[in-house]
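What follows is the residue order along each chain.
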Amino acid sequence: MRIPRTIAIDGQSAAGKSTLGALLAAELGYLYFDTGVMYRALALAALRAGIDPDDEAALTALAHRLTIDVTAPTVTDGRQYTVLIDGEDVTWAIRDPDVERIVSRTARFPAVRREMIRQQQAIGRRGRVVMVGRDIGTVVMPDADLKIYLQASLTERARRRLAELRSRNIEMSLEQVAAALAERDALDAHVAQPADDAIILVNDGLTPAEEVAWVLQQFANGDQPLAQEINRCKSTP
Ligand SMILES: Nc1ncnc2c1ncn2[C@@H]1O[C@H](COP(=O)(O)OP(=O)(O)OP(=O)(O)O)[C@@H](O)[C@H]1O
Ligand SMILES: Nc1ccn([C@H]2C[C@H](O)[C@@H](COP(=O)(O)O)O2)c(=O)n1
């Protein structure tokens, strides 16, 4: 297999999808796109507008009129990208606990998903993209050249999320974080299933760098050293 032009990474919350996706995209010179950001931005906008997280019609109308931009980082504060809602920087606000609490509810409606998926597919059609989420390999990019389904144990994911929250001065116990992730897993289960042709990567005990090396090896082509293939890929528009 040669270097894929479209890569889908799906998996549960805090499995490490965004980390792996961003590293892979940087390695290949591809666009990195985290679709969870769009659902988080919608949930934040709904909170601010006082929209009921169970009001499908209002959420769908909001999804149609909201302008969500995801750009390269505009501030050096550890962000992987900058997220704008109607021009306002909400990169960190979309990860606040209030958004965490409702995003699975607002993301579950078919009419909301249709609009989100429409926008995501437009990005996927450009190619040279690493797209991250729950349903990328099954719905958004079912023809993706490479599909990875990332898994980690609940305990490991809770440890990772706790460290992430503490780095933002948000204090929670490991038990609270694990319970919130388990609840999120249950709510997301209807969309977060691996594609039949996805490669499953369980990353407990793996560093992000080890994950990247493993993925790159999945598409190493015997007749050319991998580094040559990656350089060719970076120079190919
Ligand atoms: N292989 C790994 N080993 C240890 N920590 C990791 C690993 N991969 C990611 N992390 C850390 O775990 C946390 C969650 O990672 P990341 O945001 O990539 O997960 P995610 O699956 O995209 O989560 P979400 O779906 O909630 O956005 C981050 O703090 C990240 O630095
Ligand atoms: N393609 C996607 C991406 C995300 N979601 C949901 C799942 C979560 O509840 C929420 C936030 O995602 P995260 O940032 O944690 O990856 O959005 C989805 O339904 N489909």
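Computed from a predicted model, the values in this text were never measured in an experiment.

A. Region of the structure containing the site of ligand 1. Taken together, 18 residues sit near ligand 1, with Lys17, Ser18, Thr19, Arg161 and Glu211 positioned nearest. Within the backbone of Ala14, a nitrogen or oxygen atom sits 2.9 Å from an oxygen atom of ligand 1. Out of a free accessible area of 630 Å², ligand 1 has 81% covered by protein chains. Given that more than half its atoms are within 2 Å of the pocket grid, ligand 1 belongs to the largest pocket.

B. Geometry of the UniProt feature "binding site: ATP" (unreviewed entry) in the protein chain. Mapped onto the present numbering, the UniProt feature "binding site: ATP" (unreviewed entry) falls at Gly11, Gln12, Ser13, Ala14, Ala15, Gly16, Lys17, Ser18 and Thr19. Here, the largest pocket is lined by Ser13, Ala14, Ala15, Gly16, Lys17, Ser18 and Thr19 out of the annotated residues. Within the element layout of this structure, Ser13 appears in the loop between strand 1 (6-11) and helix 1 (17-28). Excluding residues within four positions of it along the chain, Ser13 makes contact with Arg134, Arg157, Arg161, Leu181, Arg184, Asp185 and Asp188. Along the polypeptide, Ala14 turns up in the loop between strand 1 and helix 1. Residues within four places of Ala14 in sequence aside, it is in contact with Arg157, Arg160, Arg161 and Leu181.

C. Main features of the pattern of salt bridges. Applying the stated criterion to the full structure yields 19 salt bridges. Here Arg79 ties to Asp77 by a salt bridge, and the two come within 2.9 Å at their closest N and O atoms. Looking at Arg79, the relative accessible area reads 11%, which means it is buried. With relative accessibility at 32%, the residue Asp77 sits in the partly exposed group. Residues Asp135 and Arg113 are paired through a salt bridge, measuring 3.0 Å at the closest nitrogen-oxygen approach. Here Asp135 is found in the loop between strand 6 (129-133) and helix 6 (136-140), whereas its partner Arg113 is found in helix 5 (residues 110-124), with 22 residues between them in sequence. The same class applies to Asp135 and to Arg113, which are both buried.

Reading the values: the criteria
- Residues numbered from 1 in each chain as written.
- Chains lettered and ligands numbered in written order.
- Predicted model: local features only at pLDDT ≥ 70, side-chain atom pairs only at ≥ 80, totals over all residues.
- Heavy atoms only, no water.
- Near = heavy atom within 4 Å.
- Polar contact = N/O pair within 3.5 Å; in protein donor to acceptor, adjacent residues only side chain to side chain.
- Areas by Shrake-Rupley, 256 points an atom, 1.4 Å probe, with all protein chains shown as cover.
- 1 Å grid on protein atoms, 1.4 Å probe; cavity = no way out; pocket = protein on both sides within 12 Å on 5 of 7 lines; lining within 4 Å.
- Sits in = over half its atoms within 2 Å of the grid points.
- UniProt positions renumbered as here; feature names shortened; annotations may be inferred.
- Helix = DSSP H or I, 4+ residues; strand = E, 2+ residues; numbered from the N terminus.
- Contact = heavy atoms within 4.5 Å.
- Salt bridge = Lys/Arg side-chain N within 4 Å of Asp/Glu carboxyl O.
- Buried < 20%, exposed > 50% of the residue type's maximum accessible area, 1.4 Å probe, protein only.

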